[in-house]
Amino acid sequence: MLPAAAGQNFDAIKAAGVFKIGTEGTYAPFTYHDDKGKLTGFDVEIGEAVAQKLGVKPQFIEGKWDGLIAGLDAKRYDTVINQVGITEARKQKYDFSDPYIASKAVLIVQEGNDEIKSFADLKGKKAAQSLTSNFGKIAQQNGAELVGTDGFDQSIQLVLTRRADATVNDSLSFLDFKKHKPDAPVKVVAEEANADYSGIIIRKGDPELLAAINKALADIKADGTYQKIADKYFGKDVSK
């Protein structure tokens, strides 16, 4: 099959007046259904704002994560906006926009804990971790004794109930947790310098669409739209 002539996809999007966006719809706070059943979330609102800057309407098509990126190949939609990490392997096959969100490994402890101030202070301490995660590996590398959990919520509970001294976890999950439970007595004492970035992913061979998406992202940052969406879900700018 011949690749689309440059600009063809973007022309088709403009002609149809619709930007089709693949997303999970089951991954709060990024893409999920609210109490009334409406699709919402950080990624959904970013998609809506980008579509508006492109001058078209967003149309969200939901699918399971396992097949979400493959849906791009099948042309079920024009893009996927769903916390898709920008990796070298994916860049071989797809194009990514500039990053629109950054996630870092952070070290979380109880409010009153003054013993643990850095990752190195985990030596000999108990860290509540999902054992297969990168966060678990970071804790282990710093000499922590791991207490296995099935994810962020359980890890935080073990720290809150003092069954673990700390958890190394995702900065975005922590911000989301604090947004919903501002009084929970946990704090971040350290963060990794390196961030993992997510971007808007499209099929290769459409530089006009990519440039238009990047301009839309720059515009929503410049006019305050991005900050407003970030504040709503995380209480701070999560782009860097």
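Here, the structure is the one placed above.
Owing to the predicted nature of the structure, the values given are computational and were not obtained by experimental measurement. (Residues numbered from 1 in each chain as written. Predicted model: local features only at pLDDT ≥ 70, side-chain atom pairs only at ≥ 80, totals over all residues. Heavy atoms only, no water.)

### Points about the overall build of the protein
- Looking only at helices and strands, one finds 10 helices and 12 strands in the protein.
- For 240 residues, the compact-globule formula gives about 18 Å, and the C-alpha radius of gyration of the protein, at 20 Å, lands near that figure.
- With respect to the principal axes defined by its C-alpha atoms, the protein has extents near 60 × 35 × 30 Å.
- Here the protein holds 240 residues, and the buried ones make up 47% of them.
- By sequence separation, contacts in the protein at least 24 residues apart represent 68% of the contacts at least 6 residues apart.
- Accessible area for the protein stands at about 12300 Å²; split by element, carbon and sulfur atoms hold 50% of it.
- For the protein, the separation between the mean place of its 32 positive charges and that of its 34 negative charges on side chains is 1 Å. (Helix = DSSP H or I, 4+ residues; strand = E, 2+ residues; numbered from the N terminus. Rg over C-alpha atoms; globule rule 2.2 N^0.38 Å. Buried < 20%, exposed > 50% of the residue type's maximum accessible area, 1.4 Å probe, protein only. Contact = heavy atoms within 4.5 Å. Areas by Shrake-Rupley, 256 points an atom, 1.4 Å probe, with all protein chains shown as cover. Lys, Arg positive; Asp, Glu negative; His and termini not counted. Charge placed at Lys NZ, Arg CZ, Asp CG, Glu CD.)

### As for the sheet that holds strand 1 (residues 18-23)
- Spatially, 5 strands are ordered 4-1-5-12-6 in an open sheet, and the strand pairing comes out mixed. Among the strands making up the open sheet, the edge pair consists of strand 4 (57-62) and strand 6 (94-96).
- As paired elements, strand 5 (residues 79-80) and strand 12 (residues 201-203) share 2 bridges and run antiparallel to each other. Bridging from a neighbouring strand, T79 pairs with I202 of strand 12.
- Across the face of the sheet, helix 2 (residues 42-54) comes into contact with strand 1 and strand 4 while running at roughly 145° to strand 4.
- Each of strand 1, strand 6 and strand 12 is contacted by helix 9 (residues 207-222), which is oriented at about 165° to strand 12, the strand it contacts most. (Pairing = 2+ DSSP bridges. Axes fitted to C-alpha atoms, helices over the stretch in contact; angles between N-to-C directions.)

Read these as layout, nothing more, since geometry by itself doesn't imply function.
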